[in-house]
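Coordinate inspection notes
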There are 2 protein chains.
Amino acid sequence: MTQANTPLTYDQAGVNYDLIDPLKVAAQRAAAETGSNLAAYGFSEMSASRGESAYVADVGPFYLASIVECLGTKTLVADDMAKLTGKSYYDGIAQDTIAMAVNDLITVGATPLVVQAYWAAGGSDWFGDKVRAQALVAGWKKACDVCQVAWGGGETPALAGIVADGRVDLAASCTGIINPKTRLSVGDKLGVGDAIVLLASSGIHANGLSLARKLAERLPQGYLTDIGNGQTYGDALLAPTVLYSPVTEALAKEGIIPHYCANVTGHGWRKLLRHPKALTYRITALPEKTPVLAFMQRECQLDDHEAYGTLNMGAGFALYVAAEHAQRVVEVSQSVGIPALVAGRVESGPKRVIIEPLNVVYGAEELQLR
Amino acid sequence: MTQANTPLTYDQAGVNYDLIDPLKVAAQRAAAETGSNLAAYGFSEMSASRGESAYVADVGPFYLASIVECLGTKTLVADDMAKLTGKSYYDGIAQDTIAMAVNDLITVGATPLVVQAYWAAGGSDWFGDKVRAQALVAGWKKACDVCQVAWGGGETPALAGIVADGRVDLAASCTGIINPKTRLSVGDKLGVGDAIVLLASSGIHANGLSLARKLAERLPQGYLTDIGNGQTYGDALLAPTVLYSPVTEALAKEGIIPHYCANVTGHGWRKLLRHPKALTYRITALPEKTPVLAFMQRECQLDDHEAYGTLNMGAGFALYVAAEHAQRVVEVSQSVGIPALVAGRVESGPKRVIIEPLNVVYGAEELQLR
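Basis of the calculations
Residues numbered from 1 in each chain as written. Chains lettered and ligands numbered in written order. Predicted model: local features only at pLDDT ≥ 70, side-chain atom pairs only at ≥ 80, totals over all residues. Heavy atoms only, no water. Least-squares fit on C-alpha atoms with pLDDT ≥ 70 in both. Contact = heavy atoms within 4.5 Å. Pairing = 2+ DSSP bridges. Helix = DSSP H or I, 4+ residues; strand = E, 2+ residues; numbered from the N terminus. Axes fitted to C-alpha atoms, helices over the stretch in contact; angles between N-to-C directions. Domains from an automatic or database assignment. Buried area = accessible area lost by both parts, 1.4 Å probe. Salt bridge = Lys/Arg side-chain N within 4 Å of Asp/Glu carboxyl O. Nonpolar A, V, L, I, M, F, W, Y, C, P; charged D, E, K, R; others polar. pLDDT = per-residue confidence, 0-100. Buried < 20%, exposed > 50% of the residue type's maximum accessible area, 1.4 Å probe, protein only. Parallel < 35°, antiparallel > 145°, perpendicular 65-115°, else oblique.

Further remarks concern the relation of the copies chain B and chain A. With an RMSD of 0.0 Å, the fit of chain B onto chain A corresponds to turning through 180° and sliding 0.0 Å along the axis. Interpreted geometrically, this transformation is the action of a two-fold axis. When each C-alpha of chain B is compared by its distance to the rotation axis, Val163(B) comes out closest, at 2.2 Å. Comparing contact sets, 100% of the residues at the interface of chain B also lie at the interface in chain A, consistent with an isologous, same-surface contact.

The following block contains the structure:
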């Protein structure tokens, strides 16, 4: 256990990207070579989608987008909290899992259509807890209804020896279409003068949970610590991830096509640098930090550079839009229940994010995704 | 450890479906209710695909098919064998994983287009084994090339605490289209007089591995046991699953549309009963058992009813076709390197499979998938 009076950073919390990244690069290269296989059917890939959050293929009348996404380790928090409170949190966990897939799929301009469930348990026993199983099913259905997608089916394997006993590995795949094709958003229209609209998050979402769990270990009351608003740390962490597809679909109905989108997940606000173009992203207004993220920043003693570079800090999704649409984008988001603000603008200059109110800058070298 | 002189059945080998099935049924019901969400886009689901191996939605110019599939526990055999031989088997394991998804997707008449990789490891360390990582990437790419699909991308999470240390949970999602729509095969054309063509398997494929591992535990030489043809049990088990999409694509080019297809996976030949119609499937000729399945049947002391009801016994995929096309289907399969035979026919009568040469019958009650 680390000392309570020392800072706790994400690097201490577990995942070593130096080991994963060489495999990722090799996989990306091999994958890129397979794009030409689509020519056998008269189709082609949108190579600009390589490196983006979802893969896009041109199948003629429209583009096809697809993705598979893992929830991560948020279930470990849910399992610990279930022991402490007797409640099941798997309805929210289901929404989190679908959000991981849907919120990535929509970044390229896709309308999500079909979701598949991947629920791999450590043994048949896992599925025998009826309350938890029912919560997972009900939450999954509800999230599909919110996103207006069909739940196509899925897999419920029991993987003793691979998945840990009593645990479940949750993921979702999602398929959608970009229709009309003009809705494609892979950043070619992104440019100087665009406004940056940030959509509110509900809390930590599903990234940064390793750090959150480390912090729980050193809090005397653990997940039951009051974060200052009467809510426990565990309950606040388990707020389900916001589903953003109602916003992008509502925008499409108004004819507003974002120039680019970034799902603010791992790497926090460094994700604003996602597109390879050399542009400066100047943030001049900040969304409210959610209470649980403010609590984590304080308790982990993270400076703003570390906090905003790791966690979403209140901004779950970024839309880069023509400046004249910015205010309308905010209104549309709010009309579907998601607070939003015009947070900044795109400028010419070196590739970096400048968070003016905090004096924080992230350079291009601080986000290496390709 | 069980005694070597007693039979070893699948029921002893681990998975308790009584615990999983109530959740599955609840999930299927909830999922079915979401199909109407597609109406928001002017689309609809093919409800006949509910209960089939892949989900199908009507998106206008063609049908969209999608799926996510888990490899299962075959990696545990690969990991044990790697310790014994120093070799990596993950190129074949990659093919197995893709086969699980592609071979299911094609049953509904779909052309697979895009595969996504889901490689969830027990920790970052897993990805640090360069030989294994390279084999996984190379095998994944090769299988995509064989199936002429684009490898869109995927997820490589490190899930310490969820996936067991040193292990990996492998899955694949696949998206395809049914184009022209007349290629849809969900069984409406299945009927009396159809021929049943069986395509050869390469071995155990990726179902029945729990039983295979149990057997290894009680063999004095374990995975290094010679199965009678100079091959070790472990090497034979790890023969990669046959990819069947080259057959269905070649058939489509000849204008041959199967009336129905069944991927012979879990439940072995009971899968021939997959479609809900009340029909009798009479098998009059058997494919060669692969050596490893003959070995397992002998060593586990499985009678034919148990063996054919659990393992593929040499038949990895079944095509139900118009009788006049049967011989041509065999030739087309052989032309892409996959042995095949006209094994039987569809007759009127109660829902059952009759394997005449073995005096084995499976009734409808022996396969409950819906």
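Another point: the sheet that holds strand β4 (residues 111-121) of chain A. All names here are of chain A. Strand order in the open sheet formed by 6 strands is β1-β2-β3-β6-β4-β5, with mixed pairing between adjacent strands. Looking at which strands have only one partner, the edges of the open sheet turn out to be β1 (44-45) and β5 (150-155). Two elements, strand β2 (residues 55-58) and strand β3 (residues 63-70), share 4 bridges in a ladder whose sense is antiparallel. Residue alanine 57 lies in a different strand from β3, and its bridge partner there is leucine 64. Along the sheet, helix α3 (residues 90-105) makes contact with β3, β4 and β6 (168-178), crossing β6 at roughly 40°.

Turning next to the sheet that holds strand β6 (residues 168-178) of chain B. All names here are of chain B. Taken in spatial order, the 6 strands make up an open sheet running β1-β2-β3-β6-β4-β5, and their pairing is mixed. On the outer flanks of this sheet lie β1 (44-45) and β5 (150-155), each paired with one strand and no other. As defined by bridge partners, strand β4 (residues 111-121) adjoins β5 across 5 bridges and the pair is classed as parallel. Bridging from a neighbouring strand, glutamine 116 pairs with glycine 153 of β5. Most of the contacts of helix α3 (residues 90-105) go to β6, to which it runs at about 40°, and overall it touches β3 (63-70), β4 and β6.

A few words now on the domain arrangement of chain A. All names here are of chain A. Each assigned domain of chain A is listed here: domain 1 (34-183) and domain 2 (195-366). Considering only the surface of domain 1 that becomes buried against domain 2, Lys74, Val77 and Arg183 emerge as the three largest contributors, covering 21% of it. Our count for the domain 1 to domain 2 interface comes out at 2 salt bridges. Between glutamate 249 and arginine 183 there is a salt bridge; the shortest N-O distance is 2.9 Å. Broken down by secondary-structure element, the contributors of at least two residues to the side of domain 1 that touches domain 2 are α2 (74-85), α3, β4 and α4 (130-146). Of all the elements, α3 adds the most residues to the side of domain 1 that touches domain 2, at 10 residues. Among the residues forming the side of domain 1 that touches domain 2, the class breakdown is 18 nonpolar, 10 polar and 7 charged.

Across chain A, the average pLDDT comes to 95, with 96% of residues at or above 70. The ipTM for the predicted assembly is 0.96, set against a pTM of 0.96.

The step from Asn179(A) to Pro180(A) runs through a cis peptide bond, and the omega angle for that step is 0°. Considering the arrangement of structural elements, one finds Pro180(A) in the loop between β6 and β7 (195-200). For Asn359(A), which is not glycine, the phi dihedral falls at a positive 55°. Relative to the assigned elements, Asn359(A) resides in the loop between β12 (352-355) and β13 (360-363). Take Asn359(A): its relative accessible area is 75%, and that puts it in the exposed class. Notably, His267(B) is not glycine yet its phi reads approximately 75°, a positive angle. As for its placement among the helices and strands, His267(B) is situated in the loop between β8 (260-263) and β9 (280-283). A relative accessible area of 26% places His267(B) in the partly exposed class.

Residues and elements named next belong to chain A. Look at α2 against α3: their axes get within 10 Å of each other, and the N-to-C directions meet at 175°. Taken together, α2 and α3 sit at an angle that is classed as roughly antiparallel. Facing Lys74, Thr75, Ala78 and Asp79 of α2, the residues of α3 in contact are Tyr90, Ile93 and Asp96. For the contact of α2 with α3, the class distribution of residues is 3 nonpolar, 1 polar and 3 charged.

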